[in-house]
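Examining the three-dimensional arrangement
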Amino acid sequence: MTEDKIAPFLGTWILDAAECDFEQGDPPKSATLKIEDNFGMAIFTMNQVSADGEVTNDSFEAMPDGPEVKLGKSGLVDAMRLVFENNRNLVSEARRGGLTIMKAERELSDDGQTLTVTQTVHLVDVASFKNISVYHRAQ
């Protein structure tokens, strides 16, 4: 069942920088997001070039609709979870001390060709910021 739900999200996605709307920081100059299924584990690989030309590569994996995963002592977050809100929304939450401090909502368009990622960062006692990135499926 989970394999069927993750299937529409799988593939390589290319950022449409002109469609981004960032409340915090500048949108990347370019980016790709690759989502793969590895025997039920969703693997996310992100590569981006920042507005000032800095290249970053990052990845994480989690089991959709699985248990919260405890993370090592990264300092910022201590647990992560990945859940389907429905067939078109895949949400990851980074947590610290039981509180969600970062949330990424991935919404798939009806035609399956656009992935809108809304990242919300909650800064304790300060504010919350939303950055919206729009990706199109690589052909």
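Before reading further, recall that the structure is shown in the block above.
Notes on the structure in this doc start here. (Residues numbered from 1 in each chain as written. Predicted model: local features only at pLDDT ≥ 70, side-chain atom pairs only at ≥ 80, totals over all residues. Heavy atoms only, no water.)

**Thoughts on the overall build of the chain**
Where we set the bar: By the criteria applied, helices consist of DSSP H or I runs no shorter than four residues and strands consist of E runs no shorter than two, each listed in order from the N terminus. Atoms considered for the radius of gyration are the C-alpha atoms alone. The globule rule reads 2.2 Å times the number of residues to the power 0.38. To sort residues, take the accessible area from a 1.4 Å probe on protein chains only and compare it with the maximum for the residue type: under 20% means buried, over 50% means exposed, and anything in between is partly exposed. What makes two residues a contact is simply this: any of their non-hydrogen atoms within 4.5 Å. Methods summary: accessible areas were calculated by the Shrake-Rupley approach with a probe of 1.4 Å, and residue burial reflects only the protein chains presented.
Counting secondary structure elements, the chain contains one helix and eleven strands. Taken against the 2.2 N^0.38 rule, which gives 14 Å for 139 residues, the C-alpha radius of gyration of the chain at 15 Å falls within 12% of a compact globule. Out of the 139 residues belonging to the chain, those deemed buried represent 32%. A fraction of 33% describes how many contacts in the chain between residues 6 or more apart in sequence connect residues 24 or more apart. Accessible surface, the chain: about 8,200 Å² in total, of which carbon and sulfur atoms supply 51%.

**Details of the pattern of salt bridges**
Just so we agree on the cut-off: Definition used for salt bridges: Asp or Glu carboxyl oxygen within 4 Å of a side-chain nitrogen of Lys or Arg.
Across all of its chains, the model carries five salt bridges by this definition. For the salt bridge of Glu68 with Arg95, the shortest nitrogen-to-oxygen distance reads 2.8 Å. Taken together, the residues span a long stretch of sequence, with Glu68 in the loop between strand E5 (55-62) and strand E6 (69-70) and Arg95 in strand E8 (residues 89-96) at a distance of 27 residues. Residue Glu68 is classed as partly exposed on the basis of its relative accessible area of 33%. In this structure, the salt-bridge partner of Glu93 is Arg95, at a minimum N-O distance of 3.4 Å. The burial state of Glu93 is the same as that of Arg95; both residues are buried. Linked by salt bridges that have partners in common, Glu68, Arg81, Glu93 and Arg95 make up one network.

**A word on the nonpolar core**
Stated precisely, the cut-off is as follows: As used here, the term nonpolar core means buried Ala, Val, Leu, Ile, Met, Phe, Trp, Tyr and Cys residues forming a set that is joined through side-chain atoms within 4.5 Å.
In terms of nonpolar packing, the biggest core is built from 19 residues, with Phe9, Leu115 and Tyr135 touching the most fellow members. Of all the elements, strand E3 (residues 30-38) adds the most residues to this core, at three residues.

**Section: unusual backbone geometry**
A positive phi angle, close to 55°, is found at Phe39, a residue other than glycine. Residue placement: Phe39 occurs in the loop between E3 and strand E4 (41-49). Look at Phe39 and you get exposed, because its relative accessible area is 82%.

**Re the packing of aromatic side chains**
For clarity, the threshold we go by: In summary, the pairing rule links any two rings of Phe, Tyr or Trp, Trp by its six-membered ring, whose centres are within 6.5 Å, and it sorts them by plane angle into stacked for under 30 degrees, edge-to-face for over 60 and tilted for everything else.
Applying the stated criterion across every chain yields a total of two aromatic pairs. Each ring, one from Phe9 and one from Phe84, has its centre 6.1 Å from the other, and the planes form 55°; the classification is tilted. Residue Phe9 is located in the loop between helix H1 (2-6) and strand E1 (11-15), and its partner Phe84 is located in strand E7 (residues 79-86); the two are separated by 75 residues in the primary sequence. With respect to class, Phe9 is no different from Phe84; both count as buried. The interplanar angle of 10° and the centroid separation of 4.6 Å between the aromatic rings of Phe44 and Phe60 together place this pair among those described as stacked. You can see Phe44 sitting in strand E4 and its partner Phe60 sitting in strand E5, a full 16 residues away along the chain.

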